[in-house]
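Summary of structural features
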2 protein chains.
Amino acid sequence: MEHITLKKLTQMTSRYRAHLVNSLSGFKSANLIGTADKDGQTNLAIFSSVFHLGASPALVGFIMRPDSVERHTLDNIKQTKSYTINQVDKSMVYAAHQTSARYQKSECEFYETGLTPVYTQDVHAPFVEESQLKYSLELKQIVPIEQNGTLMVIGEITNIYVANGIVQQDGFIDIEAIETVAISGLDSYHTTNRLSRLSYAKPEAEPKSIPISGI
Amino acid sequence: MEHITLKKLTQMTSRYRAHLVNSLSGFKSANLIGTADKDGQTNLAIFSSVFHLGASPALVGFIMRPDSVERHTLDNIKQTKSYTINQVDKSMVYAAHQTSARYQKSECEFYETGLTPVYTQDVHAPFVEESQLKYSLELKQIVPIEQNGTLMVIGEITNIYVANGIVQQDGFIDIEAIETVAISGLDSYHTTNRLSRLSYAKPEAEPKSIPISGI
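Residue numbers here run from 1 along each chain, matching the order of that chain's written sequence. To label them, take the chains in the order written and letter them from A, then take the ligands in the order written and number them from 1. A pLDDT threshold of at least 70 governs which residues receive local features in this predicted model, and a stricter bar of 80 or more applies before side-chain atom pairs are shown or counted, although totals over entire chains, interfaces and linings include all residues. Only heavy atoms go into the side-chain values, all of them from the structure, while hydrogens and water stay out.

An unreviewed UniProt entry lists chain A under the name Flavin oxidoreductase, with Thalassotalea loyana as the source organism. UniProt positions are given in the numbering used here, feature names are shortened, and annotations may be inferred rather than shown by experiment. Regarding chain A, the UniProt comment filed under Cofactor (unreviewed entry) reads as follows: "FMN". A UniProt comment under Sequence similarities (unreviewed entry) is attached to chain A, and it reads "Belongs to the flavoredoxin family."

Moving on: the environment of Val162(A). Only DSSP runs of H or I with at least four residues qualify as helices, and only runs of E with at least two residues qualify as strands; both kinds are numbered from the N terminus onward. In this fold, Val162(A) is placed in strand S11 (residues 151-162). For Val162(A), a relative accessible area of 0% translates into the label buried. Residues Val162(A) and Ser131(A), spaced 31 residues apart in sequence, show a C-alpha to C-alpha distance of 8.8 Å. Note on contacts: a residue pair qualifies if any of its non-hydrogen atoms lie within 4.5 Å across the two residues. When sequence neighbours within four positions are dropped, the list of residues in contact with Val162(A) reads Gln132(A), Leu133(A), Val167(A), Ile173(A), Met1(B), Glu2(B) and Ile4(B). Exposure classes here rest on a 1.4 Å probe applied to the protein chains alone. A residue is buried below 20% of its type maximum, exposed above 50%, and partly exposed in between.

What follows covers the side chain of Thr158(A). Tracing the backbone shows Thr158(A) in strand S11. Here a polar contact means two N or O atoms within 3.5 Å. Within protein one must be a hydrogen donor candidate and the other an acceptor candidate, and residues neighboring in sequence count only if both atoms are side-chain atoms. In terms of polar contacts, Thr158(A) uses its side chain to reach the side chain of Ser136(A), at 2.7 Å. The residues contacting Thr158(A), other than those within four sequence positions of it, are Ser136(A), Leu137(A), Glu138(A), Thr5(B) and Leu6(B).

Once that is clear, we can look at the interface of chain A and chain B. Each partner contributes residues to the interface: chain A has 101 residues there, and chain B has 102 residues. Once two parts are put together, the accessible area they lose, assessed with a 1.4 Å probe and summed over both, is termed the buried area. Of the roughly 9100 Å² buried where chain A meets chain B, counting both sides, 61% is carbon and sulfur surface. Taken as a group, Met1(A), Leu24(A) and Phe27(A) account for 9% of the area that chain A buries against chain B, more than any other trio of residues on that side. Should a side-chain nitrogen of Lys or Arg be within 4 Å of a carboxyl oxygen of Asp or Glu, the pair is scored as a salt bridge. Our enumeration of links across chain A and chain B arrives at two salt bridges. In this structure, Arg197(B) engages Asp187(A) in a salt bridge whose closest nitrogen and oxygen atoms are separated by 2.8 Å. Among the elements that make up the side of chain A that touches chain B, the one with the highest residue count is strand S13 (residues 188-198) of chain A (11 residues). Amino acid classes used here: Ala, Val, Leu, Ile, Met, Phe, Trp, Tyr, Cys and Pro are nonpolar; Asp, Glu, Lys and Arg are charged; the rest, including Gly, are polar. Class assignment of the residues belonging to the side of chain A that touches chain B gives a composition of 47 nonpolar, 38 polar and 16 charged. Here S13(A) runs beside strand S13 (residues 188-198) of chain B; their pairing, made up of nine bridges, is antiparallel. When the sheet's bridge partners are listed, Tyr189(A) is paired in S13(B) with Ser196(B). Two strands qualify as a pair provided that DSSP identifies no fewer than 2 bridges between them.

Now the structure itself:
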């Protein structure tokens, strides 16, 4: 195996190190975060750092750099407390990636990338119409991470919209059936092939396969 | 689409809600965290919540519940400041899943699941020999999340071991080539198929495909 020491890591160019270190955590989620400021000016940005934080209450977190291209997302969330998270599927990969371009605040990523904003009565932020699994959140907390100045944004889920037929009997959602993609590194997009769902692990038993019912 | 309101969400059984809400963030990373207490008693546990936090310094975070089955991991990290993160590949899925069984502290998940601990001179915690992409970390901070009592554990990467030939010219690591898996929900394991790496997005240009070089 190749051994990369801390010394080697610190000697890399920042771009090389960014690609390398971003590959280490494994596959990441691909989500579009939709927001609008108080005047209704929308913003849409791809994030690979959305993660599950808890089921009860239903909490989701994501990490952002305050100085990054996605700063309009943060401004809008602070202003309105409202945002949506929209899973990215295979058909939306190019458009979703393109939202990471450095557009001006007055430019609309929906318009520029061909994705469609859609609104519901009780949520200020726009959803992505094309997304087959999306939900609205209310901002709960922004936790500053001392180590590197990033922020963890925590929200509580308030509404979920999911394509018909993919929620299984036990609540599991078959996100492979809607071709949700995974990200590796900074820029690699992947569809998936299920190996198996495995039963709850117990010390004295082998895990068993849990069948999936189709759409 | 199916609309799940906050009211419906709160009325679900806790197990159903756990499956559902764990599916919402999208695909998750699959990693084994290796630790040992000061006497060398090892622990190995699967986590789906490891995420990239920053490249410089190289920081990785993960979320844990203090009362969960993985509490030995937390105790050992607090005691020694040392842990390893080992990517789970296709060949290790059953063993990796089985580490989530509620073994006693005196039982060794390595022994029970057939995975092999391996040590280096300068790291207290064991690596998983079978893993083709693994790294050691030094504990930097434990951030309590007020909203639900979980903890975010932040570590700095100190050594990386990666299979030969999968680091690309620009630093990107082809984790699909080593069959690293992704997780969805609580218990579903997936291999991946690359759609494309896409070039850095700019407002006036379409993203282009970045070729991958083989092993």
